[in-house]
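# An overview of the molecular structure
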Amino acid sequence: MENLTEFPADLLADVSAERSVRVRQLHGGKDFASRMAALGLIEGAEIKVIQNYKHGPLIAMVCGSRVSLGRGEAAKVLVENLGDEQ
């Protein structure tokens with residue numbers, strides 16, 4: 001396992017709207033990983049957060065589709081900032 005302190009990373013639940021990020025790691029069991037894969041949220045996938053009010057569901061653009069994640073799900077997705085404000 002790589003040292004996660006080498007690169008800045010955040011939880012998807014903490015990413016502000018209109019930010020683009022890349023999935024670094026998923027923290028959950030098989031069922032969680034399977035659900036995320038079905039939504040296109042796999043390691044390396046690029047995500048643009050559409051709506052995040054820091055309560056209630058988070059809405060993001062993944063692989064050209066809008067997906068909605070609960071707060072608990074979004075808190076299990078570790079992401080890195082892409083640095084581009086599209």
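Note that the structure is predicted; figures quoted are calculated from it, not measured.

### Considering the pattern of salt bridges
A full pass over the atoms with the stated rule returns four salt bridges. Taking the shortest distance from any N to any O, the salt bridge between Arg22 and Glu46 comes out at 3.1 Å. With Arg22 in strand β2 (residues 20-26) and Glu46 in strand β3 (residues 46-51), this pair connects stretches of sequence that are 24 residues apart. In this structure Arg22 comes out as partly exposed when scored by relative accessible area, which is 28%. Across the pair Arg22 and Glu80 runs a salt bridge, and its minimum N-O distance is 3.6 Å. Taken as a pair, Arg22 in strand β2 and Glu80 in strand β6 (residues 77-81) lie far apart in primary sequence, 58 residues in all. A network of salt bridges, in which partner residues are shared, links Arg22, Glu46 and Glu80.

### Focus: the sheet that holds β6
Ordered in space as β1-β6-β2-β3-β4-β5, the six strands form an open sheet in which the pairing is antiparallel. The open sheet has two edge strands, β1 (10-11) and β5 (65-69), and neither has a second partner. Direction of pairing for β2 relative to β3: antiparallel, over a ladder of three bridges. Each bridged residue has a counterpart across the sheet, and for Val21 the counterpart in β3 is Ile47. Those strands touched by helix α1 (residues 30-39) are β2, β4 (58-62), β5 and β6, and its axis lies near 155° from that of β5.

### Concerning the confidence of the model for the chain
With 86% of its residues at a pLDDT of 70 or more, the chain shows a mean pLDDT of 89. A low-confidence stretch, residues 1-5 stays under pLDDT 50, and its non-local contacts, those more than four residues away or across chains, total six contacts.

The rules behind each value
Residues numbered from 1 in each chain as written. Predicted model: local features only at pLDDT ≥ 70, side-chain atom pairs only at ≥ 80, totals over all residues. Heavy atoms only, no water. Salt bridge = Lys/Arg side-chain N within 4 Å of Asp/Glu carboxyl O. Helix = DSSP H or I, 4+ residues; strand = E, 2+ residues; numbered from the N terminus. Buried < 20%, exposed > 50% of the residue type's maximum accessible area, 1.4 Å probe, protein only. Pairing = 2+ DSSP bridges. Contact = heavy atoms within 4.5 Å. Axes fitted to C-alpha atoms, helices over the stretch in contact; angles between N-to-C directions. pLDDT = per-residue confidence, 0-100.

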